[in-house]
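Remarks on the overall topology
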Amino acid sequence: MICDFCTFPVVAWRFEATPFGLDYGHAIATSDSGWAACEECAELIVAGDRGGLVERALRVSPGIPGAPEDEVRELQRWAHDLFFIHRLDIPPARIEAVMPC
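Residues numbered from 1 in each chain as written. Predicted model: local features only at pLDDT ≥ 70, side-chain atom pairs only at ≥ 80, totals over all residues. Heavy atoms only, no water.

1. Section: the nonpolar core
One finds C3, F5, A37, C41, I45, L53 and F83 to be the most contacted residues of the largest nonpolar core, which totals 23 residues. For this core, the secondary-structure elements that each account for two or more residues are β2 (20-23), β4 (35-37), α1 (39-47), α2 (50-60) and α3 (69-86). With residues near it in sequence (within four places) discarded, A37 still touches C3, F5, V11, A12, W13, F15, A42 and I45. (Core = buried A, V, L, I, M, F, W, Y, C linked by side-chain atoms within 4.5 Å. Buried < 20%, exposed > 50% of the residue type's maximum accessible area, 1.4 Å probe, protein only. Helix = DSSP H or I, 4+ residues; strand = E, 2+ residues; numbered from the N terminus. Contact = heavy atoms within 4.5 Å.)

As structure tokens, this is what we get:
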């Protein structure tokens, strides 16, 4: 399991959200449940620091090879904004940490 916000390979929290779709133009994805978050992303989510969350995602997983950084930044911001719109107003649930092999 990876962080749904930055792709870090160790998650610690699950934030619940209602189902929603993501239409990337060339691909369509759905989010049908909660989003997993690493410790650092969880802190940014709880603090409401959406800009910090996007910047962390770009540091950990720079994005789409060959795509301009500003486009990748906007895609991250857009996907995270959809999460915040659909996030349920309940505390995150702790996930038992599993270290990658």
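Now that the structure has been shown, we can carry on.
2. Observations concerning the packing of α2 against α3
α3 packs onto α2 with a crossing angle of 130° between their chain directions and a minimal axis gap of 10 Å. Between α2 and α3, the interaxial angle falls into the category oblique. Between α2 and α3 the crossing geometry is right-handed. Contacts from R50, G51, L53, V54, E55, A57 and L58 of α2 reach α3 at V72, R73, Q76, R77, H80, D81 and F84. Among the residues making up the contact of α2 with α3, the classes are represented as 6 nonpolar, 3 polar and 5 charged. (Axes fitted to C-alpha atoms, helices over the stretch in contact; angles between N-to-C directions. Parallel < 35°, antiparallel > 145°, perpendicular 65-115°, else oblique. Left-handed = near helix turned anticlockwise from the far one by under 90°. Nonpolar A, V, L, I, M, F, W, Y, C, P; charged D, E, K, R; others polar.)

3. Considerations on the environment of V60
Structurally, V60 is set in helix α2. Along the backbone, V60 and S31 are 29 residues apart, and their C-alpha atoms lie at a distance of 21 Å.

4. Looking at the packing of α1 against α2
In contact at an axis separation of 9 Å, α1 and α2 are set at 160° when each is read in the N-to-C sense. Considering their axes alone, α1 and α2 lie roughly antiparallel with respect to each other. In this structure, α1 meets α2 at a crossing whose hand is left-handed. Of the residues in α2, those touching α1 at E40, C41, L44 and I45 are G52, L53, R56 and R59. A per-class count over the contact of α1 with α2 returns 4 nonpolar, 1 polar and 3 charged.

5. Observations regarding the environment of A36
For A36, the position within the fold is in strand β4. When the C-alpha atoms of A36 and D4 are compared, they prove to be 5.4 Å apart, with 32 residues separating the residues in sequence. When neighbours within four sequence positions are excluded, A36 is seen to be in contact with M1, I2, C3, D4, F5, V11, W13, R14 and I95.

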